[in-house]
Amino acid sequence: MILNTELEYKGNLFPSKIINYEKNINVLSFTADNGVVMQITVRRDSILRFRYTTTGIFENDFSYAITKYASRGYNHLEVEEETDAYIITTSKLICKVAKVDMRISLYDAIDNTLICEDELGFHWEENYANGGNVVKMSKTAQAGECYYGLGDKPVDNNLKGKRFENWVTDSYAYGRDTDPIYKSIPFYTALHNKKSYGIFFDNSFRSYFDFCHERRNITSFWAHGGEMNYYFIYGPEMSEVVTNYTDLTGKPHEMPALWALGYHQCKWSYYPESKVKEITSKFRALEIPCDAIYLDIDYMEGFRCFTWSKEYFPDPKRMVKELADDGFKTIVIIDPGIKIDMDYSVFKEGLDNDYFCKRADGPYMKGKVWPGECYFPDFTNPEVRDWWSDLFQELIEDIGVKGVWNDMNEPAVMDVPGKSFPDDVRHNYDGNYCSHRKAHNVYGMQMARATYQGLKKFSYPKRPFVITRAAYSGTQRYTSSWTGDNIATWDHLNIANLQAQRMAMSGFSFVGSDIGGFAEQPNGELYARWIQLGIFHPFCRTHSSGDHGDQEPWAFGDTITNVVKKFIELRYQLLPYLYTAFWRHVSDGIPILKSLVLYDQEDTQTHYRNDEFIFGEKILVCPVNAPNQKGRRMYFPYGRWYNLWTDEIVTGGQEMWVDADLDSMPIFVSEGAIIPKYPIQQYVGEKTIEELTLDVYYKLGKEASQVFEDAGDGYDYIKGRYSLRDFKLTGKEDELIIQQFKTGKYITTYKTFKLNLHGLPFKIKKIEVDNVEIPIKNLISTSNTLVLDKEFTELHIMA
Ligand code: MIG
């Protein structure tokens with residue numbers, strides 16, 4: 001049996017001709033002569049789900065990826081029968097089902113262009129070893145078609161020409177092109193002829209995607225078991241494909257606490273307590289902002305989860321409180337392996353209640369991890385998740401820990417072939433009992449979910465904070481994530497950039513890398529350049545392995561410390577901007593980072609770009625990614641861009657050199673943007689915000705910007721206690737107009753805005769606020785800075 005290739009196998013089986021069609025509201029079933037049934041569910045005008053069974057009977061319809069909150073409903077649905085095909089029409093799509101062999105062709109309903117077409121379509125081979133089938137799908141690639149997405153793959157943005165495997169894997173010191181690594185997100189976005197669609201293959205078995213690698217004009221995907229079950233998501237805008245996929249698999253259940261968007265410092269490991277304090281005090285002494293400090297596995301007693309080392313951390317509650325008084329939130333690691341030890345209550349409870357995973361014939365799944373021999377909770381059992389969530393009570397409620405970091409949840413097991421559970425391990429899978437072949441890719445997700453459940457319960461009314469290493473589609477609902485054990489090399493800076501963009505494109509925005517690299521040690525220049533990139537990643541944390549030397553902002557000499565400080569300060573200034581982007585992500589599924597192709601798919605120059613990306617809606621960033629480079633060439637998307645440092649304007653649609661000494665990096669602001677900024681704080685909440693700075697970038701024409709704020713924690717924002725400012729900027733040759741529409745019941749602490757007007761083409765002669773002229777002396781004319789009451793609704797600045 002050839003499992004790893006899609007075509008070169010003579011045992012492929014195919015559906016035969018359709019002999020029956022039934023329609024049940026939005027579920028259309030087609031039965032072939034040889035018993036294959038294809039079900040098409042019209043979820044939305046632009047989302048069709050395809051399921052196939054070769055036995056005539058579908059499995060219980062259960063998915064960890066799809067959220068119950070996903071939007072449903074369509075405007076139009078019509079099915080017609082023609083001689084050779086059934087034609088399904090919605091307001092966005094036309095789907096043709098060939099009667100002779102069930103092959104599918106999808107067209108844009110508005111202009112009839114071909115979007116996606118089956119080549120062989122659905123086919124399968126019998127899996128005699130395990131039962132069931134290897135289920136396969138192949139589609140014809142269109143001319144110039146490009147592919148993006150697929151989670152954390154450490155490769156260039158455009159996936160064309162490559163093949164990938166989805167099997168969540170602990171990948172210490174992975175590199176460019178290592179595959180698979182920690183996450184399994186079987187979703188990609190395709191683009192051709194200015195139109196974009198996506199495919200989400202919701203199958204948790206080991207799966208493969210081939211983008212014109214095996215055969216030049218064919219894209220295929222297949223899995224080692226389960227159903228051929230995929231969602232076709234039509235755009236035509238790539239941004240719609242991504243937001244629709246995110247709607248389907250879920251947006252984060254809540255906003256992160258604002259502090260979680262601050263800077264985090266981590267190491268394997270900071271211990272004992274005095275070392276932790278030494279680090280946190282140094283941040284404050286050097287005035288480098290930081291919100292979170294991490295404890296890696298050495299804080300525990302013999303690596304037993306939910307315990308503390310008496311020697312290193314004799315009084316965790318006191319320590320956590322003292323750190324909190326200094327503005328530091330303590331975050332601790334929790335792994336899945338539970339040490340086999342009859343005197344350890346977590347182990348005892350798990351054993352007594354039958355919560356640990358077992359092998360096919362009954363013995364426990366025993367594996368070696370940090371604590372020595374361990375058993376592993378079956379997080380796919382809802383009862384186990386409840387139990388697990390309750391274990392966090394002491395840690396969170398009593399000791400005051402603010403976040404939990406789930407590691408090793410692929411699950412990683414030492415000293416065994418495959419470095420994970422063997423295939424025969426049994427899982428509950430929420431009542432859909434199965435082997436590890438099916439549960440492997442969701443195990444880490446379900447652990448993070450159970451952890452999230454615990455943090456949510458015991459942090460309430462504050463917001464939970466969780467980080468996970470392993471993930472399957474949908475994990476973004478519960479947690480943030482990091483990209484695992486990278487290396488302190490320049491190429492890994494590039495990889496981190498690609499992974500953060502790719503994850504954002506795959507519905508999972510709250511992601512960052514181990515800044516500076518986990519394995520080995522960066523030099524100061526690499527660390528500084530990586531910090532510059534890292535402050536633009538939604539999750540911003542330095543982490544490194546202890547045996548490779550120090551990796552704190554001050555570890556590389558004063559010059560580097562100053563650069564690092566400057567950029568972390570910029571992160572803190574941009575917090576309201578990032579928070580607004582996060583709110584757009586949580587409410588509408590809009591990715592926080594946008595690869596250039598996602599930003600402007602019509603510009604073919606963007607299709608193979610890797611380095612530049614859009615942070616939020618308005619800021620264009622390009623990391624400097626090679627040593628001793630005092631700048632770099634980069635591509636500017638269409639539009640006009642202000643250099644953040646000099647206010648110089650660059651016209652997009654071209655590649656250009658940008659100067660960037662070590663203390664700088666290419667950062668550009670889209671013209672017309674209004675960028676909100678907070679003062680620099682050492683940690684979120686250190687200062688009461690007395691004034692909101694608005695950097696206004698003049699544009700001839702109109703532009704909209706938003707600022708979302710709330711209490712920065714808690715759930716009142718859901719009840720309307722938020723402040724949303726919608727700004728409309730209109731620039732004319734001799735006038736700049738800014739209108740403000742405010743909604744929400746939250747009252748921000750500041751009373752005034754400080755407007756910095758960038759790029760005004762005229763000298764200000766007259767200012768009107770809500771139809772009343774104000775004295776020009778309110779203006780600092782040297783810098784075009786103006787302080788105004790925050791409640792203005794219309795501002796005119798005139799020549
Ligand atoms: O086998 O907890 O990716 O971030 O510091 C290594 C120790 C286990 C791997 C994680 C890394 C963490 C480390 N862990």
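Bear in mind the structure is a predicted one, so any value in this text is a computation, not a measurement.

Let us now look at the sheet that holds strand β38 (residues 640-643). The six strands are arranged β34-β35-β36-β41-β38-β39 in an open sheet whose pairing can be described as antiparallel. Edge strands, defined here as strands with exactly one partner in the open sheet, are β34 (593-595) and β39 (649-651). When the angles between neighbouring strand axes are averaged without regard to direction, this sheet yields 35°. The sheet contact formed by β38 and β39 spans three bridges and is antiparallel. Opposite Y642, over in β39, you have I649 as the bridge partner.

So, about a negative patch on the surface. Together, E78, E80, E82 and D84 give the surface a local cluster of negative charge. Here E78 shows up in strand β5 (residues 78-81).

Our next topic: the packing of aromatic side chains. As enumerated under the stated definition, the model contains 71 aromatic pairs in all. When the centroid spacing of 4.5 Å and the interplanar angle of 45° are considered together, the rings of Y271 and Y312 count as tilted. Of the two residues, Y271 is situated in the loop between β19 (264-265) and α2 (273-286) and Y312 in the loop between β20 (292-295) and α3 (316-325); the sequence distance between them amounts to 41 residues. Taking the centre distance of 6.1 Å and the plane angle of 75° together, the rings of W388 and F392 count as edge-to-face. Assigned by exposure class, W388 and F392 land together as buried. Members of the aromatic cluster, connected to one another through ring pairs, are F50, Y147, F164, Y188, F201, F209, F211, F221 and Y230. Sitting above the plane of the Y86 ring, K99 keeps its charged end 5.2 Å from the centroid. Across the ring face of W645, the terminal group of K566 is positioned such that the distance to the ring centre comes to 4.6 Å.

One pass over the structure, following the stated rule, counts two cavities of 30 Å³ or more. Quantified by volume, the largest cavity comes out at close to 150 Å³. Residue lining of the largest cavity: 16 residues in total, with E254, P464, Y478, T479 and F510 positioned closest to the centre. The residue inventory of the lining of the largest cavity, partitioned by class, reads ten nonpolar, four polar and two charged. Each pocket or cavity is described by its volume, and for the second largest cavity that value is around 60 Å³. Considering the residues around the second largest cavity, the lining is formed by I297, M300, F303, D335, P336, G337, V369, W370, P371, F376, M408 and A412.

Rules behind the numbers
Residues numbered from 1 in each chain as written. Predicted model: local features only at pLDDT ≥ 70, side-chain atom pairs only at ≥ 80, totals over all residues. Heavy atoms only, no water. Pairing = 2+ DSSP bridges. Helix = DSSP H or I, 4+ residues; strand = E, 2+ residues; numbered from the N terminus. Axes fitted to C-alpha atoms, helices over the stretch in contact; angles between N-to-C directions. Patch = residues over 30% accessible without salt bridge, like charges linked within 9 Å, V, L, I, M, F, W, Y side chains within 5 Å. Areas by Shrake-Rupley, 256 points an atom, 1.4 Å probe, with all protein chains shown as cover. Salt bridge = Lys/Arg side-chain N within 4 Å of Asp/Glu carboxyl O. Lys, Arg positive; Asp, Glu negative; His and termini not counted. Charge placed at Lys NZ, Arg CZ, Asp CG, Glu CD. Phe/Tyr/Trp six-rings, centres within 6.5 Å; stacked < 30°, edge-to-face > 60°. Buried < 20%, exposed > 50% of the residue type's maximum accessible area, 1.4 Å probe, protein only. Lys NZ or Arg CZ within 6 Å of the ring centre and 35° of its normal. 1 Å grid on protein atoms, 1.4 Å probe; cavity = no way out; pocket = protein on both sides within 12 Å on 5 of 7 lines; lining within 4 Å. Points joined across faces, edges and corners; volume = space filled by probe spheres on them. Nonpolar A, V, L, I, M, F, W, Y, C, P; charged D, E, K, R; others polar.

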